[in-house]
Amino acid sequence: MSRLGKIARRTFLIGSAAVVGGVAFGVWSYRKPLENPLTTDEGGVITPYVLINAEGVTIITPRAEMGQGIHSTLAALVAEELDLPWDQVRVMHGPPATAYYNSALLKEAVPFAPTDQSWLAETARDAMAIPAKFLGVQMTGGSTSIPDGFDKMRAAGAVARAALVAAASREWGIAASELTTENGFVLAPDGQRLSYLALAARAAEAPLPDAPPLKPRSAWKLLGTSLPRVDMAGKATGTATYAGDIRLPGTVFATVKRNPAQGAAMIRYDAKSAETMAGVIKIVPLDDGVAVVARTTWEAFQAADAIVFEWGAAPYAKTSQEMREQIAASFTADALEGTWRDQGDVGQPAEQTLEAEYTVPHLAHATMEPQQATALYTAGRLRIWAGSQAPGFARDKAAAVVGLPPDQVDFETTLLGGGFGRRGEYDISVQAAAIAKAMEGTPVVVTWSREEDMSHGMYRPMATGRVQAGLSKERITRFDFATAAPSIMESFGARMGLPAAGADQTLVQGAWEMPYDIPNYRVAAYRAPKSVPLGFWRSVGASYNAFFHDSAIDELAHLAGADPLEFRLAHLDHDPSRQVLRAVAEMSNWSQPRQGRALGVAYAFSFGVPAAEVIEVEDTPDGIRITNAWAAVDVGIALDPRNIEAQVSGAMVFGLSAAIRGEITFADGAVEQQNFWDYEPMRMGQTPAIEVRILESGNQITGIGEPGTPPAAPALANALFALKGQRARSLPLSKHFTFA
Amino acid sequence: MSVTVTVNGAITSVDLPGEIPLLWALRDGLNLTGTKYGCGVAACGACTVLVNGEAVRSCQTALSDVEGQSVTTIEGLGTPATLHVLQQVWIDHQVAQCGYCQSGQIMQAAGLLAANPRPSPAEIDEAMSGNLCRCGTYPRIRAAVQDAARKLSEA
């Protein structure tokens, strides 16, 4: 397995430079070199993660809460070491600050499979943390918040606890080693006690101690248990605040209308009739569109629809058909992005062969909350409220558009009404800033219509996978996998102004790191020409490569006449992966024949998590119905089982929604889908009961926001093959089957 | 141009044209931001409120249509200090993920249980299928609605 692939035309500049330089790794220091982003006027600040003031102890979580429950789990990491009772935990989003960089985000960009835990692989992964710190990437994504925060947040709690104990020690004149902590208090041997609140000011005076040792797992009280989420009561009572819910005195409401051909110019517009419509306050031209500011959002929508535009043409292929042809033409030596895996000779003869081409369409994130932000520009200062997965980028871009230095922009990250990658973008923040500047002194809530949101996404790319494989004696003897798509990193990097950081590994994500034991095995990726804006969509490259790769494995199993689940087990060279498959076999009663129904299994490996899913389908007079679903994942160490269950179950529904009906198409450079009636996610009546099992092999801790998505599409397609004998090699599946 | 509506039990005058959808009168006129905009075409249910106890999509209900009627939003159902049974079971079952659709889900469930206090699982699925959730919380919503029906019928 530990085979360093050949990277054709780009190199991992960041990673290799750091490795060559022999970087020393250590626990992140809380005193240096990054400035604590919390200022003392906010109260007794102990570390960038712990704030104690008159209102209590607040844990600052540098990652965005977009539904994945990260506020609660990051807070639990701090609270565990701080000996803070869970009902006293308060959480807030941290401000954009380099201190909150995400070291785990770049770790997957090293050319070692996540199953490879060799010295070289681990060293390269650790080295990636160093440039992340310099770049100051405060980003939520890639299922990285837990791997990034697992040590960091616990250390923050331990340091804060030590500082509070030291303060009590000074107060009482008792050695710190004699003192203990419990439920938010420091206790002396004689029974006297001081609350953290009472000690906070003294604790903040002294320099922080080095990070003390962390509790062993056996001493955990909060971690490993299912805790009530800190955001649940707000979300059940309508009091949780999203970016469009900010109401300040005099607030007005805006929307935008931009060129449906993304990135193309606005040639001219005529807003004469819009200007005189009821409630309209101001028309604000933007670079590639127009904003309407009005008394209510609805009046802004109505007026925006009344503006007559002349748009520039799309700077990319006009139709989905042309884009598909571009991808098909990209399987060439010139377009080779890299060969991530190259073992043996994939040209060997075999008894039986499979040659298959798989395709997937563009997809939209379609978060329930369309893009929204609130902004107020006043006296050379800008305030923005937005649900951002990358607040540092968003703040800097918003500052630039209004001509302010970033330190004169106060960026507050609200709750996100779904992210899935879409809110790593800064478009709404920049628009809100520009509109707020045109409305100086007046707070403006900017809301995109659903139609604007659906048609101005940063889409999951269209992709094509080609597999040529051979079987002899029920064993896969060769597997040649090639995948082609336009590059997400090229599109995202250009928007963010990032330097090209090497080959785009998202192109092969979910395929190259599969721990199958196949003697002749090649995984290569080809980069198709740049077209529409692309972004990170829950599970990124694995969202399509897993469909290609696992569908081919399933086809080979059937070709071999083998049981599909046993066939995967027989070829997997990774025990945690075999365990998740055995788990779903047991949960689904896999070998039990069932009348009128059929099962499909899929296995995927993404973000360091082996995941297996089994789906049961039934043919009914109304069409295909999904009757049951089972999933098993190995997260290494499970910090909050109930939340992990929710993530896996939800990620599966997200994957099934896309597999059944998800498709964004382009005509004349514009997205054809407009709303949920023509881009319709799964509804409750179509959603089966879902049972999730969490395994803990204990090796490395992983994130779980994404790994449940990749197996969903192949599991359903494989189940449909088992039921109907018809192999669907393209998504969405509703083009092949009728669903109830 | 003012329209009088009973909102969460209080007689309220809304100073907006009657053709404005109730959703925007609530959110932008009355600052009741618990009710959410999701699609504007009654395809997602995020804007669901009760009008005279019946669940309706407020994005498709003109303000003038509820003149003199009684509108209940998520804020009127219960508060963090005085939770409605549905809000309590939503917390017990840890239903929400991003939470954006959940006000609408809860109000739809409130409408369902008002009309049918003991819905079957199939009736729950049918009544709730107009409400989208992109986080995929459907299995927990299902369990929470069943639990609420049980608790309400025992009360």
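About the cut-offs
- Residues numbered from 1 in each chain as written.
- Chains lettered and ligands numbered in written order.
- Predicted model: local features only at pLDDT ≥ 70, side-chain atom pairs only at ≥ 80, totals over all residues.
- Heavy atoms only, no water.
- Helix = DSSP H or I, 4+ residues; strand = E, 2+ residues; numbered from the N terminus.
- Buried < 20%, exposed > 50% of the residue type's maximum accessible area, 1.4 Å probe, protein only.
- Contact = heavy atoms within 4.5 Å.
- Areas by Shrake-Rupley, 256 points an atom, 1.4 Å probe, with all protein chains shown as cover.
- Buried area = accessible area lost by both parts, 1.4 Å probe.
- Salt bridge = Lys/Arg side-chain N within 4 Å of Asp/Glu carboxyl O.
- Polar contact = N/O pair within 3.5 Å; in protein donor to acceptor, adjacent residues only side chain to side chain.
- Core = buried A, V, L, I, M, F, W, Y, C linked by side-chain atoms within 4.5 Å.
- Pairing = 2+ DSSP bridges.
- Axes fitted to C-alpha atoms, helices over the stretch in contact; angles between N-to-C directions.
- Phe/Tyr/Trp six-rings, centres within 6.5 Å; stacked < 30°, edge-to-face > 60°.
- Lys NZ or Arg CZ within 6 Å of the ring centre and 35° of its normal.
- Left-handed = near helix turned anticlockwise from the far one by under 90°.
- Nonpolar A, V, L, I, M, F, W, Y, C, P; charged D, E, K, R; others polar.
- pLDDT = per-residue confidence, 0-100.
- Parallel < 35°, antiparallel > 145°, perpendicular 65-115°, else oblique.

Engineer: In this structure, what is going on with the overall build of chain A? I would like to understand it.
Structural biologist: A count of helical and extended segments in chain A gives 18 helices and 27 strands. Across the 740 residues that make up chain A, the buried fraction comes to 64%. If you take every contact in chain A between residues at least 6 apart in sequence, the share linking residues at least 24 apart comes to 77%. Accessible surface for chain A amounts to roughly 25600 Å². Of this, 51% is attributable to carbon and sulfur atoms.

Engineer: Would you mind showing me how to read the overall build of chain B here?
Structural biologist: Within chain B, the secondary structure is distributed over 6 helices and 5 strands. When the helices and strands of chain B are read in sequence order from the N terminus, they spell out β-β-α-β-β-β-α-α-α-α-α. Taken across its 155 residues, chain B has 60% of its residues classed as buried. Across chain B, the fraction of contacts at a sequence separation of at least 24, relative to all contacts at a separation of at least 6, is 57%. Surface summary for chain B: the accessible area is close to 5300 Å², and the carbon and sulfur share equals 50%.

Engineer: Looking at this structure, how should I read the interface of chain A and chain B?
Structural biologist: The parts lose accessible area when they come together, and the size of an interface is often stated as this lost area. Contacts between the two partners involve 63 residues from chain A and, on the opposite side, 57 residues from chain B. A buried area of about 4600 Å², summed over both sides, lies between chain A and chain B, and 60% of it is on carbon and sulfur atoms. Sorting the residues of chain A by area buried against chain B places Trp298, Met368 and Met684 of chain A first, and these three jointly supply 18% of that buried surface. With its nearest N and O atoms 2.5 Å apart, the salt bridge here joins Arg140 of chain B to Glu645 of chain A. Where chain A touches chain B, the interface holds 30 residue pairs in polar contact (both at pLDDT 80 or more). Among the secondary structure elements, those contributing two or more residues to the side of chain A that touches chain B are α6 (232-237), α8 (297-306), α12 (450-455), α17 (641-661) and β27 (689-695) of chain A. Counting residues per element, the side of chain A that touches chain B draws most heavily on α17 of chain A, which supplies 9 residues.

Engineer: What should I look at first to understand the nonpolar core in this one?
Structural biologist: The nonpolar side chains of a soluble globular protein tend to be buried with one another. Phe479, Ile615, Leu716 and Leu733 of chain A together with Trp90 of chain B are the most contacted members of the largest nonpolar core, which has 182 residues in total. The dominant element in this core, judged by the number of residues it contributes, is α17 of chain A, at 9 residues. Once residues within four sequence positions are removed from consideration, Leu733 of chain A is found in contact with Ala659, Ile660, Leu716, Ala717, Leu720, Ala728 and Phe739 of chain A. In this structure, Ala76, Ile146, Ala168 and Ala200 of chain A belong to the second largest nonpolar core, which totals 44 residues.

Engineer: Looking at this structure, I do not really get the pairing of strand β10 (residues 280-286) of chain A. What am I missing?
Structural biologist: Looking along a regular strand, one sees the side chains alternate between the two faces of the sheet. Judged from the 6 bridges that link them, β10 of chain A and strand β11 (residues 289-294) of chain A form a sheet pairing that is antiparallel. Residue pairing for β11 of chain A: Lys282 of chain A is matched across the bridge by Val293 of chain A.

Engineer: Where do I start with unusual backbone geometry in this structure?
Structural biologist: Trans peptide bonds make up the majority, and among non-glycine residues the majority have a negative phi. Cis geometry is adopted by the peptide bond preceding Pro732 of chain A, which originates at Leu731 of chain A and carries an omega value of 0°. Note on placement: Pro732 of chain A falls in the segment after α18 (712-724). Despite not being glycine, Asn52 of chain B has its phi angle at roughly 50°, a positive value. Checked against the element boundaries, Asn52 of chain B lands in the loop between β3 (48-51) and β4 (54-57). Owing to a relative accessible area of 48%, Asn52 of chain B belongs among the partly exposed residues under this scheme. Of note, Gln94 of chain B is a non-glycine position whose phi angle comes to about 50°, a positive value. Here Gln94 of chain B lies in the loop between α3 (85-92) and α4 (102-115).

Engineer: I keep staring at the sheet that holds β11 of chain A and nothing clicks. Help me out?
Structural biologist: Within a sheet, neighbouring strands are paired by backbone hydrogen bonds and run either parallel or antiparallel to one another. Residue and element names in this part refer to chain A. Pairing in this open sheet of 7 strands is mixed, and the strands run β10-β11-β8-β18-β15-β16-β17 from one edge to the other. Looking at strand neighbours, the two that pair on one side only are β10 and β17 (409-413), the edges of this open sheet. Neighbour-to-neighbour, the strand axes of this sheet turn through a mean angle of 20°, independent of strand direction. Relative to β11, strand β8 (residues 252-258) runs antiparallel, the two being bridged by 6 bridges.

Engineer: Please clarify how the packing of aromatic side chains should be interpreted in this entry.
Structural biologist: Any pair of aromatic rings gets described here by the distance separating the centres and the angle formed by the planes. All names here are of chain A. Per the stated rule, a full pass over the model turns up 18 aromatic pairs over all chains. Through a chain of ring-to-ring contacts, the aromatic side chains of Tyr358, Tyr544, Phe547 and Phe548 assemble into a single cluster. Taking NZ or CZ as reference, Arg466 lies 3.9 Å from the ring centre of Phe331, over its face.

Engineer: Help me out: how do you make sense of the packing of helix α10 (residues 391-402) of chain A against helix α11 (residues 427-438) of chain A in this one?
Structural biologist: Packed helices, taken two at a time, are described by the angle between their axes plus the distance between the axes. All names here are of chain A. Relative orientation of the contacting elements α10 and α11 amounts to 30°, with a least axis distance of 8 Å. Crossing angle aside, the handedness with which α10 passes α11 is right-handed. Taken together, the residues of α11 that come into contact with α10 (itself represented by Ala394, Lys397, Ala398, Val401 and Val402) are Ser429, Val430, Ala433, Ala434 and Lys437. Across the contact of α10 with α11, the residue classes tally to 7 nonpolar, 1 polar and 2 charged.

Engineer: Explain the pattern of salt bridges here, please?
Structural biologist: Between side chains of opposite charge, pairing is possible as soon as their charged atoms come close. Residues and elements named next belong to chain A. Going through the model one piece at a time under the given rule, you end up with 47 salt bridges over all chains. Here Arg217 and Glu696 are joined by a salt bridge, their closest N and O atoms 2.6 Å apart. With Arg217 in the loop between α5 (196-205) and α6 and Glu696 in the loop between β27 and α18, the pair connects residues that are 479 residues apart, well separated along the chain. Residue classification places Glu696 among the partly exposed residues on the basis of a relative accessible area of 40%. Because the salt bridges share partners, they merge into one network encompassing Glu65, Arg229, Asp231 and Lys235.

Engineer: Explain the confidence of the model for chain A here, please?
Structural biologist: Residues shown with low pLDDT carry predicted positions that ought not to be read at fine detail. Mean pLDDT over chain A: 89, with 88% of residues reaching 70 or higher. Within the model, pLDDT remains below 50 along residues 1-34 of chain A, and this stretch shows 76 contacts once partners closer than five positions in the same chain are excluded.

Engineer: Mind showing me how you'd approach the environment of Ala76 of chain A here?
Structural biologist: Residue and element names in this part refer to chain A. Topologically, Ala76 is positioned in helix α2 (residues 70-82). In this structure, the C-alpha to C-alpha distance between Ala76 and Arg154, residues 78 residues apart in sequence, is 8.6 Å. Other than its neighbours up to four places away in sequence, Ala76 contacts Trp86, Leu222, Leu223 and Leu227.

Engineer: What exactly am I supposed to notice about the packing of helix α4 (residues 145-172) of chain A against α5 of chain A here?
Structural biologist: Residue and element names in this part refer to chain A. Orientation of α4 relative to α5, taken along the N-to-C sense of each, is 85°, at an axis distance of 8 Å. By the angle class used here, α4 and α5 are roughly perpendicular. Residues Ala163, Leu164, Ala167, Ala168, Arg170 and Glu171 of α4 pack against Tyr196, Leu199, Ala200, Arg202 and Ala203 of α5. Grouping the amino acids of the contact of α4 with α5 by side-chain chemistry returns 8 nonpolar, no polar and 3 charged.

Engineer: How do you make sense of the side chain of Arg258 of chain A when you look at a structure like this?
Structural biologist: Mapped onto the secondary structure, Arg258 of chain A falls in strand β8. Side chain to side chain, Arg258 of chain A and Asp288 of chain A meet in a polar contact 3.4 Å long.

Engineer: Quick question: what am I supposed to make of the sheet that holds strand β6 (residues 185-187) of chain A here?
Structural biologist: Residue and element names in this part refer to chain A. One open sheet holds the 3 strands; their spatial order is β5-β6-β7, and the pairing between them is antiparallel. Whereas interior strands pair on both sides, the edge strands pair on one side only; in this sheet they are β5 (180-182) and β7 (193-195). Averaged over all adjacent pairs, the angle separating strand axes in this sheet is 25°, with direction ignored. Relative to β7, β6 is paired through 3 bridges, and the arrangement is antiparallel. Opposite Phe185, over in β7, you have Ser195 as the bridge partner. Here α4 sits on the sheet in contact with β5, β6 and β7, set at roughly 50° to β6. Together, β5, β6 and β7 form the strand contacts of α5, whose direction differs from that of β7 by roughly 75°.

Engineer: Any chance you could explain the side chain of Thr140 of chain A here in plain terms?
Structural biologist: Residues and elements named next belong to chain A. Relative to the helices and strands, Thr140 resides in the loop between α3 (119-135) and α4. With relative accessibility at 4%, the residue Thr140 sits in the buried group. Polar side-chain contacts of Thr140 include one of 2.8 Å to the backbone nitrogen of Ala64. Apart from residues no more than four positions distant in its own chain, Thr140 is found in contact with Arg63, Ala64, Met66, Gln68, Ser145 and Gln389.

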